[in-house]
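Listed below, chain by chain, are the residues.
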Amino acid sequence: MAIITVRNLKKRFNLEAGFFARFGRFVYAVNDVSFTIGKNETYGLVGESGCGKTTTARLLVRMYEADEGDIFFKDDTDVRSLRRGALRQYRQKVKYVFQDPARSLNPRMSIAEVLLSGYRASGSWPRGGEKKAREEAAAILEEVGLAPSDLEKRPAEFSGGQRQRISIARGLLMRPDLLICDEVVSALDVSIQGQILNLLQDIRARHDLSFLFIAHNLKVACYFCDRIGVMYKGKIMEEDDAIHLYKTALHPYTRLLFSTVSAAGREPADRTVTADNLEADDTGTGGTGCAFAVRCPLADARCVAEDPPLRQAAQTAAQNTGGEQGGGRPHIVRCFKV
Ligand SMILES: Nc1ncnc2c1ncn2[C@@H]1O[C@H](COP(=O)(O)OP(=O)(O)O)[C@@H](O)[C@H]1O
Ligand SMILES: [Mg+2]
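Each value, and the rule that gives it
- Residues numbered from 1 in each chain as written.
- Chains lettered and ligands numbered in written order.
- Predicted model: local features only at pLDDT ≥ 70, side-chain atom pairs only at ≥ 80, totals over all residues.
- Heavy atoms only, no water.
- Helix = DSSP H or I, 4+ residues; strand = E, 2+ residues; numbered from the N terminus.
- Buried < 20%, exposed > 50% of the residue type's maximum accessible area, 1.4 Å probe, protein only.
- Areas by Shrake-Rupley, 256 points an atom, 1.4 Å probe, with all protein chains shown as cover.
- Salt bridge = Lys/Arg side-chain N within 4 Å of Asp/Glu carboxyl O.
- Pairing = 2+ DSSP bridges.
- Contact = heavy atoms within 4.5 Å.
- Axes fitted to C-alpha atoms, helices over the stretch in contact; angles between N-to-C directions.
- pLDDT = per-residue confidence, 0-100.
- Core = buried A, V, L, I, M, F, W, Y, C linked by side-chain atoms within 4.5 Å.

A. Region of the structure containing the overall build of the chain. Summing up its helical and strand segments, the chain has 13 helices and 12 strands in all. Looking at the chain residue by residue over its 338 residues, the buried ones come to 50%. Of the roughly 15600 Å² of accessible surface on the chain, 49% is carried by carbon and sulfur atoms.

B. How the structure looks around the pattern of salt bridges. Overall, the coordinates contain 17 salt bridges when judged by the stated rule. A salt bridge links K235 to D307; its shortest N-O distance comes to 2.3 Å. Placement of K235 in strand β10 (residues 235-241) and of D307 in the loop between α12 (301-305) and β11 (311-312) is noted, with a sequence separation of 72 residues between them. Classification of D307 as partly exposed rests on a relative accessible area of 30%. Among the salt bridges present, the one from D300 reaches K337, with a minimum N-O distance of 2.7 Å. With a gap of 37 residues between them, D300 in the loop between α11 (252-264) and α12 and K337 in the segment after β12 (332-333) connect regions that are remote in the sequence. According to the relative accessible area criterion, D300 is partly exposed, its value standing at 31%. Salt bridges here are not isolated pairs; linked through shared partners, they connect R227, E239 and D241.

C. View of the sheet that holds strand β1 (residues 2-14). Overall, antiparallel pairing links the four strands, which are arranged β2-β1-β4-β5 in an open sheet. On the outer flanks of this sheet lie β2 (26-38) and β5 (77-78), each paired with one strand and no other. Relative to β5, strand β4 (residues 68-73) runs antiparallel, the two being bridged by two bridges. Directly across from F73, in β5, lies its bridge partner T77.

D. Spatial organisation of the sheet that holds β12. Taken in spatial order, the eight strands of this open sheet run β6-β7-β8-β3-β9-β10-β12-β11, and their pairing is mixed. Every other strand in the sheet has two partners, leaving β6 (94-97) and β11 as the edge strands with one partner each. Packing of helix α2 (residues 53-60) onto the sheet brings it into contact with β3 (42-46), β6, β7 (178-182), β8 (210-215) and β9 (227-232), and relative to β8 it is tilted by some 150 degrees. Contacts from helix α8 (residues 190-206) reach β3, β7 and β8, with the element oriented near 160 degrees to β8.

E. Representation of unusual backbone geometry in the model. Phi is positive for N40, which is not a glycine, with a value near 65 degrees. Position of N40 among the secondary structure elements: in the loop between β2 and β3. On the accessibility criterion, N40 (38% relative accessible area) is partly exposed. One non-glycine residue with positive phi stands out, namely K74, at about 50 degrees. Locating K74 in the fold gives a position in the loop between β4 and β5. Overall, the relative accessible area of 28% leaves K74 in the partly exposed class.

F. Up close: the environment of A169. Secondary-structure assignment places A169 in helix α7 (residues 160-173). A169 gets classed as buried once you look at its relative accessible area, which sits at 0%. Through-space distance from the C-alpha of A169 to that of A138 is 9.7 Å; in sequence the pair is 31 residues apart. Apart from residues lying up to four places away in sequence, A169 is in contact with L115, I140 and V144.

G. Fine view of the confidence of the model for the chain. Looking at the chain, pLDDT values average 88 and 86% of them are 70 or higher. Below pLDDT 50 for its whole length, residues 276-285 participates in 20 contacts with residues either more than four positions away or in separate chains.

H. Up close: the nonpolar core. Formed by 60 residues in total, the largest nonpolar core has its most connected members in L115, I168, L200, I203, F213, L218 and I228. Ranked by residue count, the leading element in this core is helix α5 (residues 111-122), at six residues. With residues near it in sequence (within four places) discarded, I168 still touches V97, V144, I196, L199, L200 and I203.

See below:
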């Protein structure tokens, strides 16, 4: 059984600037994205800032409404058609941990109120009522490395890393099937990043849980995930099992991500499309050709003229062995040249 299946998902935004608004210019933040997250699987969505990772996550929890495509939860729940009560229930099972814990925790609430907000929003307490819910909250705080006495404190009394632990605890309390972690370590110091990743590893081992792990750092994602989708300008450019991708990356963009992270130790430049840089960077807006062609060392005339489809890569020896042990899902890539 798959926990989440996404098929041909599309979401576009209008470019805000007045001049372009007149011509109805828009950017496809998510442009025909498909992937599946299995039970207990960790799927990584990786790419530079602005490639559409957060938009994809928000579409999954219906913070944004998709323009096209399908989202299925546990194979048979059509997420896009859920209404009111059913949508509320779904949102307890698919929890979103935000990128920035400083802004996602209400400073006026105590940690107890923050954690119990899931129960409040769902409108139902566990058996045993609010008292039982507080006990659960205390237990989950301990699980993420904080103390039950922290329930009475306010978010401002904690460090960035601790606040991220609180956000994760909030996500876990409702016993979700899927935890969406959107750049949960990006805002933290490198030393703290490791601690939070270790915490997520522990949680993964203890709970029956799938993850959508969103990151711009491909090496971190490969370390943490079972399967990786590399995203560029709203499209999946390559997808493979994490252990193979490191050795057998084919797409020039995937290779660039591996090399920039290791060489510079910091994230590649922000490529968010705005009306200002649209002309210099005129892809992702419905133009023809491969979105990556302008930056690609291998690009030729065909890459500029024609958008390559996703196709299955030729099997390597490493994959053949992996396929026997694991799920053996195909390595797919969107490129004419590899
Ligand atoms: N609410 C919004 N309104 C208009 N444009 C948006 C909105 N959210 C995202 N975008 C645009 O969609 C693209 C993808 O953004 P996002 O999903 O946040 O990327 P990522 O999370 O990978 O950094 C960017 O070009 C961004 O400017
Ligand atoms: Mg984002």
